[in-house]
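# Coordinate analysis (summary)
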Amino acid sequence: MKAVCWNGPVDIKVEDVPDPKILNPRDAVVRITATAICGSDLHLYNGFIPTLQKGDILGHEFMGEVMEVGREVKNLRVGQKVVVPFCIACGRCWYCQNELYSLCDNSNPNAWMAEKLFGHSPAGLFGYSHMTGGYAGGQAEYVRVPFADVGPLPVPDGIEDEKVLFLSDIFPTGWMAAENAEIQPGDTVAVWGCGPVGQFAIQSAWMMGAGRVIAIDRFPERLLLAQSWGRAEIIDYEEVDSVIDTLRDMTGGRGPDRCIDAVGMEAHGHTLDALYDKAKQAVRMETDRPHVLREAIMVCRKGGTLSVPGVYGGFIDKFPMGAVMNKGLTIKTGQTHMQRYMRPLLEKVLNGEIDLSKIITHRLDLDDAPGAYATFKKKEDHCIKVVMKPGSNGHAHRHNGSGNGRGDAHA
Ligand SMILES: [Zn+2]
Ligand SMILES: [Zn+2]
């Protein structure tokens, strides 16, 4: 089959690799009908995530048709359309039993790697380095889905892929970001980053009763979408001297009640601390650039909440813990507990409460992945979200049920 393989920093190729097959009784093999590139894929693309290896198949946002199921998968049938969540969860461990699916104790066979860096390991993730399991991702024609009796969400026949694909990550992630922000009716919510997760956090904030939403970014097309579709007040951070002063002015000096960092470890900025991070990260003295995090902490109103859906990978410098403590802030974060949110959020889609396809700007074939990554990274061509459909150029591949997906791990 064809798959998008990482070849080294800023170098991906569409390669022919062996087809995935059922390895465990709870596996399924899914034929991918649509897959997306995520902002967090750019951290891999750019080489900021350790334990990624040459040849690894990328992609954690995908959906498709069930081709084959292991003997213990009773809830899916061959031919069914499913959306697959990015985090892999066993459904049986203490964490899964407590609906903390992204913290599953059984789905990362390389837990020891993550334990070295984090103390404990999160769940296994599709297409996201060996530290999170080394699972082959879904930017491919086929994928093996472990614990398929727990993760994949069947969707009604006939619904367009574009309307439900983002239940695989970014809508639940934007939703959990808003939930973690502990929004009370009438609250002013500031969202840093108007990429796809930021956009869905904005939509979710309104659904949870926000009174005002203020969105911060620098790309005109993303700010425009936040303003039009998201009904947000907007700040172009390259057009203001200080985001902190601007937010303070907009809130009568008080600061936003809830702050959401939907940017993460590769924040840009032109303040002194942002230049410091850039220099330190470039020479690997700091893994992450936490400029947004500092800004949010400094401007958040006293007693407010900071929600962090943005991805961080390691250690940060100059963290204003004094402000967190003395202002009585709450910080909530985490990978999204996907399996908790997918079903209720599918209901919102089916009820017409939200159209997830609004953010798609590019529809391409899997073969176009190298160019698509480059365009998305540079935010060229007004790119907000790329969806790829394998075989849409007419080069479909027939699954022969043999071979072993590269990078697959035995969970
Ligand atoms: Zn994602
Ligand atoms: Zn589990």
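Since we're looking at a predicted model, the values are computed, not measured.

## Thoughts on the coordination of the zinc ion (ligand 1)
For the zinc ion (ligand 1), the protein coordination sphere consists of Cys38 (SG), His60 (NE2), Glu61 (OE) and Asp169 (OD), at 1.8 to 2.2 Å. For the zinc ion (ligand 1), the four donor atoms in the first shell make angles of 89 to 135 degrees at the metal, so the coordination geometry reads as tetrahedral. Counting residues between consecutive donors of the zinc ion (ligand 1) along the chain gives the motif C-x21-H-E-x107-D. With a gap of 131 residues between them, Cys38 in the loop between β3 (28–37) and α1 (39–45) and Asp169 in the loop between α4 (161–164) and α5 (170–180) connect regions that are remote in the sequence. For Cys38, a relative accessible area of 5% gives the class buried.

## A closer look at the coordination of the zinc ion (ligand 2)
Metal coordination angles have textbook ideals: 109.5 degrees for a tetrahedral set of four donors and 90 or 180 degrees for an octahedral set of six. Protein coordination at the zinc ion (ligand 2) comes from Cys90 (SG), Cys93 (SG), Cys96 (SG) and Cys104 (SG), with a distance range of 2.3 to 2.4 Å. Coordination geometry of the zinc ion (ligand 2): the four donor atoms subtend angles of 103 to 116 degrees at the metal centre, consistent with an arrangement described as tetrahedral. Along the chain, the residues that donate to the zinc ion (ligand 2) are spaced as C-x2-C-x2-C-x7-C. Each member of the pair, Cys96 together with Cys104, is buried.

## Points about the packing of aromatic side chains
Counted under the stated rule, the structure contains eight aromatic pairs. Measuring from centroid to centroid gives 5.1 Å for Tyr45 and Tyr373, while their planes differ by 35 degrees, and the two rings are tilted. Here the residue Tyr45 occupies a position in helix α1, and Tyr373 occupies one in helix α13 (residues 369–378), the gap between them amounting to 328 residues. The same class applies to Tyr45 and to Tyr373, which are both buried. Between Phe171 and Trp175, the ring centres sit 6.4 Å apart and the planes meet at 80 degrees, which makes this aromatic pair edge-to-face. Pair noted here: Phe171 and Trp175 are both in helix α5, with a separation of four residues, about one helical turn. Accessibility assignment for this pair places Phe171 and Trp175 in one class, buried. Three or more aromatic residues link up through ring pairs in this structure, and these residues are Phe166, Phe171, Trp175, Phe200 and Trp229. Just above the ring of Trp206 sits the side chain of Arg231; from NZ or CZ to the centre is 4.9 Å.

So, how was this worked out
- Residues numbered from 1 in each chain as written.
- Chains lettered and ligands numbered in written order.
- Predicted model: local features only at pLDDT ≥ 70, side-chain atom pairs only at ≥ 80, totals over all residues.
- Heavy atoms only, no water.
- Donors = N, O, S within 2.8 Å, 3.2 Å for Na, K, Ca; no water.
- Tetrahedral: all angles 85-135°; square planar, octahedral: opposite > 155°, others 65-115°.
- Helix = DSSP H or I, 4+ residues; strand = E, 2+ residues; numbered from the N terminus.
- Buried < 20%, exposed > 50% of the residue type's maximum accessible area, 1.4 Å probe, protein only.
- Phe/Tyr/Trp six-rings, centres within 6.5 Å; stacked < 30°, edge-to-face > 60°.
- Lys NZ or Arg CZ within 6 Å of the ring centre and 35° of its normal.

By themselves these figures say nothing about function.
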